[in-house]
Amino acid sequence: MPVDPSQIIVTSQDFYDAEDFLVEYLSENITEASFERGSAMRDFAVSAFVLIYAYLRGEANGIRVRQSVQSLTEEIGKGTLDLDQSLDQVLSNWFVTRREGNKSRMTAQAHFSKKENITINTSTVFWRDVSHAFYIDVSTNPYVISSTSLFPNFDSRGNLIDYVADISLVAGGVGSGYSFSPGRFTRVVTTTGNIPNLTYAEHSVASTAATNDEDSATLLARSQTAIAVRNLINNRSVDTTLKESFSDVESTLTIGMGEQEMQRDLRTELGSHIKLHIGGKYDTFVEMADQTVEEFGLVGGYFPRADKIVNVFRDPEITRDLVSPYLFTDVARHLEVGHIINIRTGILESPRAYQIIRIEDHELYVSEAMPFTEASDEEDVSVSYSIGWFSPDFDQSELEPIAGTYVRTAARSAVAGLEHIPAGTSRHIQSPGTILLEGRPVQDITRVELIDPSGADSNFIDPTTGTILFPQRVNGLPGVAPPVPVDLSTLSYQLEVLNPRESQSELSVSRMMVGFEAEEARFDDRTLRVTYITAAGFSNPSDYTRSYDDRVVAADHLLRMRHPIWIEAVIPYRLKRTADTSLAEVDVSTQMSNYINSFDPNDDLDVSDLSTAFRNFASEVGAVFTFEIYYNLYAPDGQVAKFKTTDIISIYLTTGNGVELLNGSEIQVPPTMIAKGITEISTDSTLTEWYNLMGISDKTVKYRTRSDLINSVLQG
Amino acid sequence: MTWDIHFQPIPEDQVRGFKTFTFGFRAALVVTGYQMLINRWFKTFFTPKGSELLHSGDGTTLAGLIGGNIGSQESARDLAIRAVEETNEQIKAQDVAGGFEEQESLESAVITRMAPQSEGGLAIWVTIKNVAGKQLEIHLIDLATR
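The rules we used
Residues numbered from 1 in each chain as written. Chains lettered and ligands numbered in written order. Predicted model: local features only at pLDDT ≥ 70, side-chain atom pairs only at ≥ 80, totals over all residues. Helix = DSSP H or I, 4+ residues; strand = E, 2+ residues; numbered from the N terminus. Buried ≥ 20, exposed ≤ 12 C-beta atoms within 10 Å, placed from the backbone. Rg over C-alpha atoms; globule rule 2.2 N^0.38 Å. Contact = placed C-beta atoms within 7 Å. Nonpolar A, V, L, I, M, F, W, Y, C, P; charged D, E, K, R; others polar. Domains from an automatic or database assignment. Pairing = 2+ DSSP bridges. Axes fitted to C-alpha atoms, helices over the stretch in contact; angles between N-to-C directions. Left-handed = near helix turned anticlockwise from the far one by under 90°. Core = buried A, V, L, I, M, F, W, Y, C linked by C-beta atoms within 7 Å. Arc of directions from axis to C-beta.

Asks: Any chance you could explain the overall build of chain A here in plain terms?
Replies: Helix and strand content of chain A: 13 helices and 39 strands. In terms of overall dimensions, chain A has a C-alpha envelope of 125 × 70 × 60 Å along the principal axes. Evaluated residue by residue, chain A yields a buried proportion of 36% over its 716 residues.

Put into structure tokens, the structure is as follows:
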């Protein structure tokens, strides 16, 4: 193992030691010669070689230090030598590698002088300062901004200034040096000429915090757990394996069988009054960097469930095409929940009977716990089926159009405009006013917008954007259409996670609904754009844990992100009399948000912590007045629980912690809690019951904020 | 009795630069006994103080004058006397630490003659005596005995 000469330290003591050794050694071997002080032999045979000997001994010592983790640990603790490379080499013997830092991300606002389609090459460099560049955070080249994504920007008098588009950017390199407070980009450089009509770019929210490459002390601490079996089998090995394989993974927490947060293995459909944890499932909650993404969907369309559960059956040819349609809900069919749909041929394991748990006009639903084995609409196979209630054939329900038909093959509609509806077994679901998001964590929704409203909806159109914006997130279904003139700030949307136990994962089925009560289909066939924050690169470790080669064969392992709690605060302050500058509030907001996001999750964050941190970040501040902290828990089922506190930030309402639940009456109580007689979630006990139902605890939530949510105001 | 490697002054007319000593013009010789003491004393006397890597206190300040012109004979005399005393102290310390035999150990070294030279130099004669009682008057710098 070579040692960099600059890393070899030779002290004066080494010279004296070398002199003593050489004198002793030579005197012993050449007994007749004099090597005493003052002799010429000493000058030539000892003093001349002292330097060389001491240097070689220093190198040997350097090699010795670099041969074991123990000696490296001691030397790294002293901090005198640069042992990064040596540590990497030693730890590579155990296949442990240093984790790279991660990249800061942001959503920038690009300002254009004209509203036209813009094409930007992904090699375009957004220089934040002379040494820090950002690039467009997409994988497809070129990046296209459609003219519908350009929003007009007006001044205070209502004059049009320019057009603005949001662009997701990622830092050109790793490290905390790329974390920037809101500001303007100094230059935007392309290799393919100018970006048409671009005037400047800025970002109004601080870029996300980024980490540097792992330092040696941290790498050493982590290596202690690295000698575990490299499987995904326990908390320690999962942590090691994921962090080792994916530098984006900052921390992990694995929840397994027997822990109160593990609700995914709970089975209630086995029989009434039976609630059984069947085991075999475990969740790993990871921390990863944020990424803002956009999704587009046709409202009211058919979307595949991300969890790939095939539990819907359709036969549009009879439920849609007939003059007198055969509706599954028609009382003449005598269909009831609990009856059986018997798939005779077409999919794996057929013939096989499935119990019906929900009946709609055009759809039959079977249990998500015992779904169909295949989606016939995606496999492009025909499914032969019957419906009934007597074993073994289950063919008592007559299936029109031919009287006396009890077995038929599901088929698509032949009516123009309805051909797209899937037939047979399917994981595609549809409901009025909704789109499904892709399967990935949803940490925060920043914008919900109907980009192509029809003329009939002109009352809802935002005059500044030409689109319909839905700023309010509600827990229940959106209410009735507001009266004209419409208060645009009241337009609302609902995010519902159909499988809360798999929320914040790649299997999450997140359904976004816009529309009004009794007019659910009001915006159907329009395009909804949803902008939200997810984890950058989440699919990589998630796919890894479920891949054929790496998954634990006998278990169901799911990667998730913690349920976010978004914190907001307005901090009132007074400047010192001696302060000679005003407070740089934007910079302090950035520092405060970084402080909150990196706060030790094992400690209680409270008002006092924020006050103290604020004063530390702002030396000009003489006093911080009392204030309240508001925070919103984004629950696994898509609901939002709103809190405020005058003391400790907590999701529990314990005596004396100053926490108050603000919207208990708006939280939709789950059926299982209603069955227990709970009609409102407002007390600590009902709140805890709700948490337990969804597997929420202090361990599985993450307190988060952004710089635009932490503001300060000068008082006095 | 142990031996050291012998060195000797370069003849005055062959001196170039600051090199004033040599092992000889053929093979190097060993030296023992009284001559070894003289060599050791002589080397210490002409070692400029601070030039030893490991023992910066070794040597004398007089050695710094070698090659220079003497402006004040009086000052040069004082330096020479001081240098002899320093050399004696260091040699006796070496004797104790190294366990030299009587022939190799210093009893005394004193300046017996000093004479200004016409070219601005100073000729010095030192009488070196070992513990065994042997002594010689030696001319610095060529070690001549007469």
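That shown, we press on.
Asks: Hey, could you run me through the overall build of chain B in this one?
Replies: The number of helices and strands found in chain B is two helices and seven strands. Element order for chain B, N to C, with α for helix and β for strand: β-β-β-β-α-α-β-β-β. Since a compact globule built from 146 residues should have a radius of gyration of about 15 Å, the 15 Å found for chain B is in line with a globular shape. Counting only C-alpha atoms and orienting by the principal axes, one finds that chain B spans roughly 45 × 35 × 35 Å. When burial is assessed residue by residue, chain B has 25% of its 146 residues classed as buried. Nonlocal contacts in chain B, meaning residues at least 24 apart in sequence, comprise 46% of its contacts between residues at least 6 apart.

Asks: Teacher, can you tell me more about the environment of Ser 608 of chain A here?
Replies: In this structure, Ser 608 of chain A sits in helix α11 (residues 607-617). Residues Ser 608 of chain A and Phe 627 of chain A, 19 residues apart in the sequence, show an inter-C-alpha distance of 9.9 Å.

Asks: Please explain the interface of chain A and chain B as it appears in this structure.
Replies: Accessible area lost during the coming together of the parts is what is often quoted as the interface size. With 15 residues of chain A at the contact, the number on the chain B side is 15 residues. Of all elements in the fold, only α1 (12-29) and α2 (40-65) of chain A reach the threshold of two or more residues within the side of chain A that touches chain B. Residue contributions to the side of chain A that touches chain B peak at five residues, all from α2 of chain A. Classifying every residue of the side of chain A that touches chain B gives seven nonpolar, four polar and four charged.

Asks: Sorry, what's going on with the domain arrangement of chain A here?
Replies: Along its sequence, chain A is carved into domain 1 (5-79), domain 2 (106-203), domain 3 (225-289 + 541-561), domain 4 (291-300 + 432-535), domain 5 (314-414) and domain 6 (564-714). Once you take the C-alpha centre of each, domain 5 of chain A and domain 6 of chain A turn out to be 50 Å apart.

Asks: Looking at this structure, how should I read the sheet that holds strand β6 (residues 122-130) of chain B?
Replies: Pairing between the strands of a sheet comes from backbone hydrogen bonds, and it takes one of two forms, parallel or antiparallel. All names here are of chain B. With respect to topology, three strands assemble into an open sheet ordered β5-β6-β7, the strand pairing being antiparallel. Every other strand in the sheet has two partners, leaving β5 (106-116) and β7 (135-140) as the edge strands with one partner each. Taken pair by pair, the neighbouring strands of this sheet meet at an average axis angle of 20°, ignoring direction. Pairing geometry for β6 and β7, over six bridges, is antiparallel. What sits directly across from Trp 125, in β7, is His 139.

Asks: Any chance you could explain the packing of helix α3 (residues 69-78) of chain A against helix α5 (residues 216-223) of chain A here in plain terms?
Replies: Relative orientation and spacing of two packed helices are given, respectively, by the angle between their axes and the distance between those axes. Residues and elements named next belong to chain A. Two numbers describe how α3 lies on α5: the axes approach to 10 Å, and their chain directions differ by 145°. Here the hand of the crossing between α3 and α5 comes out left-handed. Between α3 and α5, the contacting residues are Val 69, Thr 73 and Ile 76 on the first element and Ser 216, Ala 217, Leu 220 and Ser 223 on the second. The residue makeup of the contact of α3 with α5, split by class, is four nonpolar, three polar and no charged.

Asks: Would you mind showing me how to read unusual backbone geometry here?
Replies: As a rule of thumb, non-glycine residues mostly have phi less than zero, and peptide bonds are mostly trans rather than cis. Residues and elements named next belong to chain A. Geometrically, the link from Asn 141 to Pro 142 is a cis peptide bond, its omega value of -5° lying close to zero. Considering the arrangement of structural elements, one finds Pro 142 in the loop between β4 (132-136) and β5 (143-145). In this structure, Pro 485 follows Val 484 across a cis peptide bond, with omega equal to 0°. You can see Pro 485 is positioned in the loop between β28 (472-474) and β29 (492-497).

Asks: Would you mind showing me how to read the sheet that holds β29 of chain A here?
Replies: Residues and elements named next belong to chain A. Judged by pairing direction, the sheet is mixed, and its four strands sit side by side in the order β25-β30-β29-β28 without closing on themselves. At either end of the open sheet lies a strand with only one pairing partner, and these are β25 (434-436) and β28. Within this sheet the neighbouring strands show an average axis-to-axis angle of 30°, counted without direction. Relative to β29, β28 runs parallel, the two being bridged by three bridges. Bridged to Arg 473 within β29 is Tyr 493.

Asks: Quick question: what am I supposed to make of the pairing of strand β32 (residues 556-561) of chain A here?
Replies: Residues and elements named next belong to chain A. Most of β32 sits out of view: five of its six residues are buried. When strand β14 (residues 281-287) meets β32, the two strands line up parallel, connected through six bridges. Note on β32: the bridge partner recorded for Thr 284 is Leu 559.

Asks: Help me out: how do you make sense of the pairing of strand β30 (residues 510-514) of chain A in this one?
Replies: The side chains of a regular strand alternate, residue by residue, between the two faces of the sheet. All names here are of chain A. Within β30, four of the five residues are buried, which leaves the element mostly enclosed by the surrounding structure. Examined bridge by bridge, β29 and β30 share five bridges and lie antiparallel to one another. Counted as the bridge partner of Gln 494 is Met 513 from β30.

Asks: Just to check I follow, could you spell out the nonpolar core for this structure?
Replies: Taken as a class, soluble globular proteins show a tendency for nonpolar side chains to be buried jointly. All names here are of chain A. Of all hydrophobic cores here, the largest spans 62 residues; its most connected members are Leu 169, Met 512 and Val 514. Residue contacts for Met 512: discarding those within four places in its chain leaves Thr 434, Ile 435, Leu 437, Val 448, Tyr 493, Leu 495, Leu 528 and Val 530. Ranked by size, the runner-up nonpolar core spans 38 residues in total, among them Met 592, Leu 633, Tyr 634 and Ala 635.

Asks: How do you make sense of helix α4 (residues 84-91) of chain A when you look at a structure like this?
Replies: Every α-helical turn comprises 3.6 residues, leaving residues that sit three or four positions apart pointing alike. Among all positions in α4 of chain A, only Ser 86, Leu 87 and Leu 91 of chain A are buried. Burial along α4 of chain A is one-sided: seen end-on, the buried residues are contained in an arc of 125°.

Asks: So what exactly am I meant to see when it comes to the environment of Lys 49 of chain B here?
Replies: Residues and elements named next belong to chain B. Within the element layout of this structure, Lys 49 appears in the loop between α1 (33-45) and α2 (73-98). Sequence-wise, Lys 49 and Thr 87 are 38 residues apart; in three dimensions their C-alpha atoms are separated by 11 Å. For Lys 49, the contacting residues outside a window of four places in its chain are Gly 59, Thr 60 and Thr 61.

Asks: What should I look at first to understand the environment of Ser 682 of chain A in this one?
Replies: Residues and elements named next belong to chain A. Topologically, Ser 682 is positioned in the loop between α12 (671-674) and α13 (684-694). As a C-alpha pair, Ser 682 and Pro 601 span 81 residues in sequence and 25 Å in three-dimensional space. Contact partners of Ser 682, with chain neighbours within four places excluded, come to Leu 661 and Gly 664.

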